[in-house]
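Listed below are the residues making up each chain.
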Amino acid sequence: MSPEDQLAVLTRGTAQVLSEKELLEKLKLGRPLRAKLGVDPTAPDLHLGHTVVLEKLRQFQELGHQAVLIIGDFTAQIGDPSGRSKTRPPLEREEILANAETYTAQAFKILDKGKTEVVFNGEWFNKMSFVDVIRLNSKVTMQQMLQREDFKNRIAKNQEVRLHEIQYPIVQGWDSVEVRADVEMGGTDQLFNILVGRDLQKEQGQPGQVVMTLPILEGLDGVQKMSKSLDNYVGVAEEPGEMYGKLMSISDALMGRYYTLLLGEAMDEGAHPMELKKSLAERVVSRYHDEATGAAARADWDTRFSKKDLSAADLPACDLGQERRVIASAALGYAAVGEKRSNGDIRRLVQQGSVQLDGEKLSDPKAELPADVSGKVLRLDKKRSVRLV
RNA sequence: GGGUAGGUACCGAAGCGGUCAAACGGGGCAGACUGUAAAUCUGCUGGCUCAGCCUUCAGAGGUUCGAAUCCUCUCCUGCCCA
């Protein structure tokens, strides 16, 4: 593919590219470009928000370029302040390594493993002496760091900014020098960090990397960015039903965004919003599982929620044993779906009519279930139900 | 280092000796309505063997019949000055 055509593909869907002209020049070099993406293994699950940028990296691979995936095992110990209004807690080393493992496994659902160079940035940072660190710091000015919006805002609001946080962009930037990146991509919140990398490269006599940012995907709440720590995400490794259900819960206003950023296409405004949402959910599930699973998730959802027919749905089994007290039974139900709830929580759900046996509200916490419950469906809340054994 | 303002539940924020498991707002959860959307109304939102009991208001002591509220020390944060 000609450099011009490649440029058209690569810039599609991006938030900004600094600059397209430079990217074109690099493409004309005729060698595979080194396209860098840094990920922070702060939690084990990759979610749809990450896929926006991973899909872009895959495009680079498809065009014959070299993907360089940097696992920020070192940076995760600092905590990226990007987009944060608070200091992020750093992680324990073992936790980070375990997370990194799951992370890469999931990233290869999108990336071509054979064409991806995976590096841990601890490789170089763990070897640095304190003098090296000070020297690295000398390449950047305080004023540059203070230009950054997150810091500016926090300072304006009298919130703390700790010194380790201003190291983060410098450290991430140095990664670009180490891997000699030609292009670095990231969410729009990474603009500052990526620019620091570009400056550091120039400082070291390398050509500066092209900066490519991609729009940030809003989380299920439709307001804040999708993030593990805000628990508003859909993980790429999640169960089909879970994934489908989460996608169905997004607001109509959000759907258009998901269509463009996840499916890479414009949403058909004419169709019924619910149809659009079902189709979005089905396609995303299909992508991370397979077509048949996507269709099955949709069919299951239809019986469970559209037809409200829980009896036919595929539910987790739950053996109550001799237990018949309502609260204790519901607690066993939650255990069966892998959730922990306090008795107070459950009592509340019962009193408010959320807990139901075959569609009948069990609103008295002191009542007991009938002796024979086998085959009956115990509904716990909107999303969770179990089949009693 | 000096001065000063603070540290209350998931977050923000009242309370400043008893009637405080702690107002109010946000968030979250549930019910009604629905398309597991939005909007709206209602309820709940520390734990438990739940009409009662237990553990909380940065931490440790103390005063008091009684402390989130008063005193002492400690830790932490903001702001101003150096």
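In what follows, the structure referred to is the one given above.
Let me sum up the structure you'll find in this document. The numbering scheme is per chain: residues are counted from 1 as the chain's sequence reads. The order in which chains are written sets their letters, starting at A; the order in which ligands are written sets their numbers, starting at 1. For a predicted model such as this one, the threshold for reporting local features is a pLDDT of at least 70, and the threshold for listing and counting side-chain atom pairs is 80 or more; totals across whole chains, interfaces and linings nevertheless cover every residue. The side-chain figures draw on all heavy atoms in the structure; neither hydrogens nor water molecules are used.

1. Observations concerning the protein's contact with RNA strand B
Point 1. Contacts to RNA strand B come from 27 residues, most closely from Ser251, Asp252, Trp301, Arg348 and Arg379.
Point 2. A cutoff of 4 Å decides nearness: a residue is near a molecule or strand if any of its heavy atoms lies inside that distance of it. What you see for RNA strand B is that sugar and phosphate hold 70% of its atoms within 4 Å of the protein.
Point 3. The term polar contact refers here to a pair of N or O atoms within 3.5 Å; inside protein, the definition further demands a hydrogen-donor-capable atom paired with an acceptor-capable atom, and it admits residues adjacent in sequence only when both atoms are side-chain atoms. Measuring from a phosphate oxygen of RNA strand B, one finds a backbone N or O atom of Gly344 at 2.9 Å.
Point 4. Ranked by residue count, the leading element in the surface near RNA strand B is helix α16 (residues 343-351), at 5 residues.
Point 5. In the surface near RNA strand B, the residues fall into 6 nonpolar, 9 polar and 12 charged. Numbering of helices and strands runs from the N terminus; a helix is a DSSP stretch of H or I covering at least four residues, while a strand is a stretch of E covering at least two. Throughout, the ten residues Ala, Val, Leu, Ile, Met, Phe, Trp, Tyr, Cys and Pro are labelled nonpolar, Asp, Glu, Lys and Arg are labelled charged, and all others, Gly among them, are labelled polar.

2. Notes on the pattern of salt bridges
Point 1. Criterion for a salt bridge: a side-chain nitrogen of Lys or Arg within 4 Å of a carboxyl oxygen of Asp or Glu. Tallying each qualifying case throughout the model produces 23 salt bridges.
Point 2. Notably, a salt bridge pairs Arg298 with Glu275, separated by 3.0 Å at the nearest N-O pair. Here the residue Arg298 occupies a position in helix α14 (residues 291-306), and Glu275 occupies one in helix α13 (residues 273-288), the gap between them amounting to 23 residues.
Point 3. In this scheme, a residue with accessible area under 20% of its type's maximum is buried, one over 50% is exposed, and one in between is partly exposed, where area comes from a 1.4 Å probe on protein chains only. Owing to a relative accessible area of 19%, Arg298 belongs among the buried residues under this scheme.
Point 4. When its relative accessible area of 38% is taken as the criterion, Glu275 is described as partly exposed.

3. A look at helix α4 (residues 93-107)
Point 1. Look at α4: 21 Å from first C-alpha to last across 15 residues, which is about the 21 Å you get at 1.5 Å a residue.
Point 2. A contact between two residues is defined here by any heavy atoms of the two lying within 4.5 Å. Tucked into the core, α4 has its buried residues touching β2 (34-39), α3 (48-62), β3 (66-71) and β4 (116-120). Helix span, as expected, comes to 1.5 Å for every residue beyond the first.

4. What about the environment of Leu214?
Point 1. Relative to the elements of secondary structure, Leu214 occurs in strand β6 (residues 210-214).
Point 2. Residue classification places Leu214 among the buried residues on the basis of a relative accessible area of 3%.
Point 3. The spatial distance from the C-alpha of Leu214 to the C-alpha of Thr188 is 5.6 Å, given a sequence separation of 26 residues.
Point 4. In this view, Leu214 contacts Gly13, Thr14, Ala15, Val52, Val53, Lys56, Met185, Gly186, Gly187 and Thr188; residues no more than four positions away in its chain are not counted.

5. Focus: the packing of helix α12 (residues 252-263) against α13
Point 1. Where helices are involved, their axes are fitted lines through C-alpha atoms of the stretch in contact, as for all axes, and angles between N-to-C directions lie from 0 to 180°. The N-to-C vectors of α12 and α13 enclose an angle of 35°; their axes lie 11 Å apart at closest approach. Relative to α13, the crossing made by α12 is left-handed. From α12, Asp252, Met255, Tyr258, Tyr259, Leu262 and Leu263 reach across to α13, where they touch Pro273, Leu276, Lys277, Ser279, Leu280, Arg283, Val284 and Arg287. Each helix crossing is assigned a hand: it is left-handed if the near helix lies turned anticlockwise from the far helix by less than a right angle, otherwise right-handed if that turn is clockwise.

6. Things to note about empty space enclosed by the protein
Point 1. Grid points spaced at 1 Å over the protein atoms alone were grouped into cavities, where a 1.4 Å probe fits but cannot get out, and pockets, open sets with protein on both sides within 12 Å along at least five of seven lines, with lining residues defined by an atom within 4 Å of a point. Grid points are joined across faces, edges and corners, and a volume is the space filled by probe spheres set on the points. All told, the structure shown has 1 cavity of 30 Å³ or more when counted by the stated rule.
Point 2. Computed from the structure, the largest cavity encloses a volume of approximately 40 Å³.
Point 3. As for the largest cavity, its lining consists of Leu48, Thr51, Leu262, Leu263, Val284, Arg287 and Tyr288.
Point 4. Contributing elements (two or more residues each) for the lining of the largest cavity: α3, α12 and α13.
Point 5. Among the residues forming the lining of the largest cavity, the class breakdown is 5 nonpolar, 1 polar and 1 charged.

7. What about the pairing of β3?
Point 1. Extensive coverage of β3 is indicated by the burial of 5 of its 6 residues.
Point 2. Note: β2 against β3, 6 bridges, orientation parallel. By the bridge assignment for β3, Arg34 is matched with Gln66.
Point 3. Two strands qualify as a pair provided that DSSP identifies no fewer than 2 bridges between them. Of the pairings in the sheet, the one linking β3 to β4 comprises 5 bridges and is parallel in character. In the sheet register, Leu69 faces β4, and the bridge partner there is Val118.

8. Description of the layout of surface pockets
Point 1. When its volume is computed, the largest pocket comes out at roughly 1300 Å³.
Point 2. Along the walls of the largest pocket sit 39 residues, with Arg304, Phe305, Lys382, Lys383 and Arg384 positioned nearest its centre.
Point 3. Of all the secondary structure elements, the ones that give two or more residues to the lining of the largest pocket are α11 (240-248), α14 and β10 (377-379).
Point 4. Looking at the lining of the largest pocket residue by residue, the classes come out as 14 nonpolar, 10 polar and 15 charged.

9. Examining the sheet that holds strand β7 (residues 317-318)
Point 1. Judged by pairing direction, the sheet is mixed, and its 5 strands sit side by side in the order β7-β11-β10-β8-β9 without closing on themselves. Whereas interior strands pair on both sides, the edge strands pair on one side only; in this sheet they are β7 and β9 (360-361).
Point 2. Pairing geometry for strand β8 (residues 356-357) and β9, over 2 bridges, is antiparallel. Note that in β9 the partner of Gln356 across the bridge is Lys361.

10. Digging into the sheet that holds strand β1 (residues 16-18)
Strand pairing in a sheet takes place through backbone hydrogen bonds and is either antiparallel or parallel in direction.
Point 1. Taken in spatial order, the 6 strands line up as β1-β6-β5-β2-β3-β4 in an open sheet, and their pairing is mixed. For this open sheet the edge positions go to β1 and β4, each flanked by a neighbour on one side alone. Going across the sheet, the axis of each strand differs from the next one's by a mean of 20°, ignoring polarity.
Point 2. The strands touched by helix α9 (residues 163-179) are β2, β3, β4 and β5 (183-187); relative to β2, the strand with the most contacts, the crossing angle is about 145°.
Point 3. The strands touched by helix α10 (residues 191-203) within the sheet are β1, β5 and β6, with β6 carrying the most contacts at an inclination of about 170°.

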